[in-house]
Amino acid sequence: MSPPDEAHLFLYHPSATSRDLYVPGTGKSDPTSDREAKFQRRLDPDEHWYEKAVFYELLPRGYSDSNGDGIGDIQGIIEKLDYLAWLGADCLWLLPFYPSPLRDGGYDVSDLFSVAPECGDVTDVARLVESAHARGIRVISDLVINHTSNEHPWFKESRSSRDNEKADWYVWSDDDQRWSDIRVIFCDTEPSNWTWDPVRQQYYWHRFYYHQPDLNYENPAVREAIMSAMRFWLDVGLDGFRLDAAAYLFQRDGTQGENLPETHAFLRGLRAEVERHFPGRVLLAEVNQWPTDVVDYFGDGDECNMCFHFPLMPRMFMAVRREQRFPITEILAQTPTLPDGCQWGIFLRNHDELTLEMVTEDERDYMYAEYAVDPRMRKNLGIRRRLAPLVENDRRLAELLHALLLSLPGAPVLYYGDEILMGDNIYLGDRDTVRTPMQWTPDRNGGFSSADFAQLFLPPLMDPVYGFQARNVEADLRDTSSFLHWLHRLLEVRRQYPLFATGDLYVLPADNPSVLAFVRSDIDAQTGSTRTVLCVNNLSRFAQSAELALTRWEGTRPIELVGRSTFPPITTAGYGVTLSPRGFFWLELETRA
Amino acid sequence: MSSPDGEEVLALSASYLERQRWFQRASGDQLVLSNALMSFDVLIDGLPGLARMLLSRGGRTFQLLVGWRRPSEVADALRGEENALLGPITIDGESYLAYDAIADDALCIELLRIATDGKEFARSVRRVSSLVSHSSLVFDERLFMKCYRVVEDGERPEIEVLFRLDSLGFNALLAPVARWRARDVDLALVREFLPTALEGRLLALTSLRDVLAYASTGDEPPLPNTGAPRTTFQRMREDATPEEVCASAGGDLVSEMERLGQTTGSLHLALGDAFGEQSVDTHGLIEEMGAQISRDGAEMDPFGYREPSGTLEGLRKGISALALSRAGRAIRLHGEYHLRRVMRSDAGWVVAGFSDDPLYSRQQSDLSLAARMGSPLEDLADMCFSLGVVAREALSFRPPEEKQVATDLALAWTRRNRAALLKGYLSTNGIEKLVPKDAQVVGALLSGYEFIRERRYDAALAGR
């Protein structure tokens, strides 16, 4: 199959103003540049680039199929890099592309040193990195370090006897009584963290599915093997990793088997190796814990560079449903300051269920009642739905949630398809609900693949609301009022203000609980002046007003960032704002030098 | 530099004091200030100067903080608050202007330093308007000072309770920072200020505002069966009950009310630990119920909390029949526990204030603010009652044509949140040692206390 006609896909609509042709680093737009220059961006040379980056998570098998076999591949991603550059992604996060029996979406890895044949090969990954870098985009991938597939040669050897070379590469026991207090994460399907292996005649430990035995990190050979895998892919050119299930590496009697000092020691070792031989790469830990526990994974700035802020995410959904700011402000108040050079990864949705592990039982019940009425929508301790169906296709609510995502402290992580408000399929198993093929065009298979429908790795959506005929990238690119264009514009605006990424946060009092107002600020490195942006968000479905105490900025004239219109000056009296339903403002408060 | 003469300043203050509502209300009709000066203590000797004047009138003691500056500096210092001027004074032959020091930012900042014994400093201050007998100051948006105008003998109950609870580790309150005490009286209280916290009443009003938005009527044809106006909600789903509307409305408060209930339970347990417990005496409740029924009849307030089976008289008899041992334990009460006394902060609910205004306390006939022991369900009944007050307030903003639907929604809202409050309260760990174990007894007592609360509220509104 030949690459799609990019001139057709990336139509330059005359009414899309020259603002769309933002040229990084100049602060100017260039309406006369040709298409090649339009998408030219450069890699951020800053060693801490990830603090400011916008991440884009995608599923290689579900993104774009270049060879017509029904499965997305690395080459297909390469062919979409111009689109991703236009959208505003700074770093791609690839879900696992390793060989796998695919019983857990690729997280059951059977070879950490190669690429699944249906996705391509190692050379393809190298080309992807090179092509992405040429467009100013970095690439990281998942590194599954806690466990492997039970079809991995390591496990096959380990189970074959009790005294082979890899006998001690996994965690074996004669009974299943040890560590019985440790919680079962996949509680829907797994009755225990132990499973009997009839070959070895022993139990093996697994924190996830039974077919994903945990590696034994007490064994130095295991630690070195993981270190080797990391080096291998960094040599290929990857810019870092999302460390899957990083909290569970070690076990110890009398503990919950999470967040142990030994785990932190190993992660610091990984980081030290990266710093020594691969500076400027990122380690992003997946640790679903309270912020006060997660912060340990940053160490003193010498452990992981980034961690996901899991508890913030369900609270954003809770806040817009309850139309009150306290779910968000509460968790922000509990979020500790990070060491220098560290950053939170914040997100609305991802490839997993919308996890409700880090909320109370009552809050979980509330979220189920509000967002997952159908039991099929529930998975483990979460909700397996995409963003658009979660907000019942409410465009204004989707915009508000993205405005929060892009203005709260942290590096935002977008999930593929959410930029066109893709839907989900709750009739698919496990978390495939949210992993359906990307919808590129209204044509066959949503433009994802030229294969026969029956060959596709998962069926695309075809319902009248979210189906690919109605919702696809091509249509949204042609429609300058689309959510896609809106998001592209907002990402552009955000990029002009690094304070959104690394600035301080100060939550403002507001007499209206439906209004969340906060200030982001930093010192402009070039001018030395303080730049301040006021973010005001209406969490209610009705229009709201609020009075904000802005006397600290008395005399300044707020300028709205998207339209650049000037708002009334700030005086010593309360500053009244009125917001449309689910509306928000980003207002700059300081005059540029 | 010498100090001003206290008697001279007192004489100068007369007309200023006469204009102050807190002074008028407490001091009665006596206009003469002679022999009123109790003390005049200079706190800052220099310029600007600061002194604390205690004076008595009408059986009350008052505190006036007096500042003085050169006349040329006063305008800048008072910045539009010239009504705080007392008048000219002479010190060492030089003329100065004296004024109420609370109007001077610089002196307020000094006051913080003095009141906290040098432990706290601030760069900014703002005054919070207050109608009651103290001046409220916010420093750096992190500290709050209540500077008492009307001073009480002995230990101020609010301060006593705050510091005792804080010492026990009860942290669901605005933490006390310092207490300014001199001449055996409490002069000011400094506590933390949470700028992003929101008064409970505002949260409740917002919640109900969203619910009542469903009561809006449009130009739709009336409902076919009843001919009643078709509401916004009924345009969406004709069979929805008011409770379902409340549950599906944005801003549903139920989860917050449960949390508030738990906070209330914790407060009561802490009060029990701090000040002890005793048996509940229901005789006062029974007698007052009888008196109220006799005086104003047995009509039930639709927003009140009632046991499903009860008439008021039946309720009174049921409470009378209660053995004392079944009525739970009495603790030192908060005394004025309602939605204006609690705040929702980023760390959960906090108790923002304790009943301590000698001019507006419910015990107006009792000049001393002695602690009152009672069933903790009294406090809870007060909070339940305040939900009804909020509901009535929200209803008052709706147009008349929506009245019936809006009232149904408001009633459902009140019931839901009341039930959630009680559920949260009874789920508090350890609360069973204070409240009756029998849920029916709890309901009966709660109903009785709330009935009394309603009648007193109505009486207060009617000026009785």
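Residues numbered from 1 in each chain as written. Chains lettered and ligands numbered in written order. Predicted model: local features only at pLDDT ≥ 70, side-chain atom pairs only at ≥ 80, totals over all residues. Heavy atoms only, no water.

This part takes up the overall build of chain A. Of the regular secondary structure elements, chain A holds 18 helices and 23 strands. Counting all 593 residues of chain A, 64% fall into the buried class. (Helix = DSSP H or I, 4+ residues; strand = E, 2+ residues; numbered from the N terminus. Buried < 20%, exposed > 50% of the residue type's maximum accessible area, 1.4 Å probe, protein only.)

Counting its secondary structure elements, chain B contains 14 helices and 17 strands. Sorting the 464 residues of chain B into buried and exposed places 55% on the buried side. Summarising the internal contacts of chain B: among those between residues at least 6 apart in sequence, 70% fall at separations of at least 24. Carbon and sulfur atoms form 50% of the exposed surface of chain B, whose accessible area is close to 19,700 Å². (Contact = heavy atoms within 4.5 Å. Areas by Shrake-Rupley, 256 points an atom, 1.4 Å probe, with all protein chains shown as cover.)

This part takes up the packing of aromatic side chains. For any two aromatic rings, the description comes down to two numbers: the centre-to-centre distance and the angle of the planes. All names here are of chain A. Under the counting rule described, the total for this entry stands at 41 aromatic pairs over all chains. Arranged with centres 4.9 Å apart and planes meeting at 40°, the rings of F97 and Y98 form a pair that is tilted. Aromatic side chains F97 and W233 sit 5.2 Å apart centroid to centroid with 70° between the ring planes, which places their arrangement in the edge-to-face category. Residue F97 is located in the loop between β4 (91–94) and α6 (122–134), and its partner W233 is located in helix α8 (residues 220–236); the two are separated by 136 residues in the primary sequence. Since its relative accessible area comes to 0%, F97 is described here as buried. What links up through ring pairs into an aromatic cluster is the set Y56, Y63, Y83, W86, Y415, Y416 and W440. (Phe/Tyr/Trp six-rings, centres within 6.5 Å; stacked < 30°, edge-to-face > 60°.)

Right, let's talk about the packing of helix α11 (residues 312–320) of chain B against helix α14 (residues 439–461) of chain B for a bit. Residues and elements named next belong to chain B. Running from N to C, α11 and α14 cross one another at 125°; their axes reach a closest spacing of 10 Å. Relative to α14, the element α11 lies oblique. Helix-helix and strand crossings are classified by hand; for α11 and α14 the assignment is left-handed. Where α11 abuts α14, its residues L312, L315 and I319 lie against A444, L445, S447, G448, F451 and R455. When grouped by side-chain class, the residues that make up the contact of α11 with α14 number six nonpolar, two polar and one charged. (Axes fitted to C-alpha atoms, helices over the stretch in contact; angles between N-to-C directions. Parallel < 35°, antiparallel > 145°, perpendicular 65-115°, else oblique. Left-handed = near helix turned anticlockwise from the far one by under 90°. Nonpolar A, V, L, I, M, F, W, Y, C, P; charged D, E, K, R; others polar.)

Moving on, we get to the pattern of salt bridges. Summed over all chains, the structure comprises 65 salt bridges over all chains. Here R127 of chain B ties to E81 of chain B by a salt bridge, and the two come within 3.0 Å at their closest N and O atoms. Of this pair, R127 of chain B sits in strand β6 (residues 125–128) while E81 of chain B sits in the loop between α3 (71–78) and β4 (85–91), and the two are 46 residues apart along the sequence. The exposure class assigned to E81 of chain B is partly exposed, which follows from its relative accessible area of 28%. Several salt bridges share partner residues, and in doing so they unite D142, R242, D244 and E286 of chain A into one network. (Salt bridge = Lys/Arg side-chain N within 4 Å of Asp/Glu carboxyl O.)

All names here are of chain B. Running from N to C, helix α12 (residues 376–395) and helix α13 (residues 403–426) point in directions that differ by 155°, and their axes come no closer than 10 Å. Judged by the angle between their axes, α12 and α13 are roughly antiparallel. α12 and α13 meet at a crossing whose hand is right-handed. Between α12 and α13, the contacting residues are P376, L377, L380, M383, C384, L387, G388, V390, A391 and L395 on the first element and A406, T407, A410, W413, T414, N417, R418, L421, L422 and Y425 on the second.

All names here are of chain A. The five strands are arranged β17-β18-β19-β23-β21 in an open sheet whose pairing can be described as antiparallel. One side of each edge strand has no neighbouring strand; the edge strands of this open sheet are β17 (504–507) and β21 (559–560). For strand β19 (residues 530–538) and strand β23 (residues 584–588), the ladder comprises five bridges, and the chain directions are antiparallel. Among the inter-strand pairings, L534 is bridged to a residue of β23, identified as L587. (Pairing = 2+ DSSP bridges.)

With that settled, consider the pairing of strand β7 (residues 194–197) of chain A. Residues and elements named next belong to chain A. Looking at chain direction, β7 and strand β8 (residues 202–205) are connected through four bridges and run antiparallel. Bridge pairing in β8 places D197 opposite Q202. Between β7 and β8, which pair antiparallel one after the other, the connecting turn spans four residues, and Q201 there sits at a positive phi close to 65°.

In this assembly, 24 residues from chain A lie in contact with 26 residues from chain B. Between chain A and chain B, roughly 1,900 Å² of surface is buried when both sides are summed, and carbon and sulfur atoms account for 47% of that area. Sorting the residues of chain A by area buried against chain B places R322, F326 and E330 of chain A first, and these three jointly supply 29% of that buried surface. Run the count over chain A and chain B and you get two salt bridges. Residue assignment for the side of chain A that touches chain B shows that the elements contributing at least two residues are α11 (312–322), α12 (326–333) and α13 (361–371) of chain A. Among the elements that line the side of chain A that touches chain B, the one with the most residues is α12 of chain A, at four residues. Tallied by class, the residues present in the side of chain A that touches chain B amount to eight nonpolar, six polar and ten charged. (Buried area = accessible area lost by both parts, 1.4 Å probe.)

All names here are of chain B. With antiparallel pairing, the three strands of this open sheet are ordered in space as β13-β14-β17. The open sheet has two edge strands with one neighbour each: β13 (278–279) and β17 (373–374). Sheet topology places β13 next to strand β14 (residues 329–332); two bridges connect them, and they run antiparallel. Its bridge partner lying in β14, Q278 is registered against A330.

Moving on: the environment of P339 of chain A. Residue and element names in this part refer to chain A. Residue placement: P339 occurs in the loop between α12 and β12 (343–347). A C-alpha to C-alpha distance of 18 Å links P339 and L408, two positions 69 residues apart in sequence. Apart from residues lying up to four places away in sequence, P339 is in contact with F298, G299, D300 and G301.

This part takes up the side chain of Q202 of chain A. All names here are of chain A. Structurally, Q202 can be placed in strand β8. For Q202, the side chain forms a polar contact with the side chain of D174, separated by 2.9 Å. For Q202, the side chain forms a polar contact with the side chain of R200, separated by 2.7 Å. Aside from chain neighbours lying at most four places away, what touches Q202 is R162, W172, S173, D174, T195, W196 and D197. (Polar contact = N/O pair within 3.5 Å; in protein donor to acceptor, adjacent residues only side chain to side chain.)

So, on to the environment of I346 of chain A. Note that I346 of chain A resides in strand β12. The residues contacting I346 of chain A, other than those within four sequence positions of it, are H309, L312, L405, L408, P409, G410, A411, P412 and V413 of chain A.

In this section: the nonpolar core. Core analysis: the biggest nonpolar cluster contains 161 residues, and Y56, Y83 and W586 of chain A have the highest contact counts within it. If one sorts the elements of this core by residue count, α8 of chain A sits on top with nine residues. (Core = buried A, V, L, I, M, F, W, Y, C linked by side-chain atoms within 4.5 Å.)

So, on to α12 of chain B. Here α12 of chain B contains 20 residues, and its C-alpha end-to-end distance of 30 Å stays within 8% of the 28 Å for a straight helix at 1.5 Å per residue. Across the 20 residues that make up α12 of chain B, a large majority, 17, are buried. (Expected span 1.5 Å × (residues − 1).)

Residues and elements named next belong to chain B. Predicted confidence across chain B gives a mean pLDDT of 84, with 86% of residues reaching 70 or more. Predicted confidence in chain B is weakest over helix α7 (residues 232–236), with a mean pLDDT of 46, and strongest over helix α4 (residues 105–115), with 96. This model gives residues 232–236 a pLDDT under 50, and the stretch forms 13 contacts once residues within four places in sequence are excluded. Every residue in residues 361–369 scores below 50 in pLDDT, and together they form 17 contacts with partners more than four places removed in sequence or on other chains. What the predictor reports for the complex is a pTM of 0.84 with an ipTM of 0.77. (pLDDT = per-residue confidence, 0-100.)

Put simply, L47 of chain B and P48 of chain B share a cis peptide bond, and its omega is -10°. For P48 of chain B, the location among the structural elements is in the loop between β1 (37–44) and β2 (49–57). Backbone geometry places Q201 of chain A, a non-glycine residue, at a positive phi of 65°.

For chain A, per-residue confidence averages 89 on the pLDDT scale, and 89% of positions sit at 70 or higher. Between residues 1–38 of chain A, whose pLDDT stays under 50, and residues either more than four places distant or in other chains, the model counts 53 contacts.

Let's shift gears to the pairing of strand β3 (residues 60–69) of chain B. Residue and element names in this part refer to chain B. Summarising burial for β3: ten of the ten residues are buried, a large majority. Alternating positions in β3 separate into two faces, R60, F62, L64, V66 and W68 on one and T61, Q63, L65, G67 and R69 on the other, with burial throughout. In terms of strand pairing, β2 meets β3 through nine bridges, oriented antiparallel. Residue A51 lies in a different strand from β3, and its bridge partner there is V66.

The next thing to look at is α11 of chain B. Residues and elements named next belong to chain B. Those residues of α11 not exposed but buried are L312, L315 and I319. The buried residues of α11 all sit within an arc of 55° when viewed along its axis, so they share a single face. As for α11, its buried residues are in contact with α10 (283–296) and α14. (Arc of directions from axis to C-beta.)

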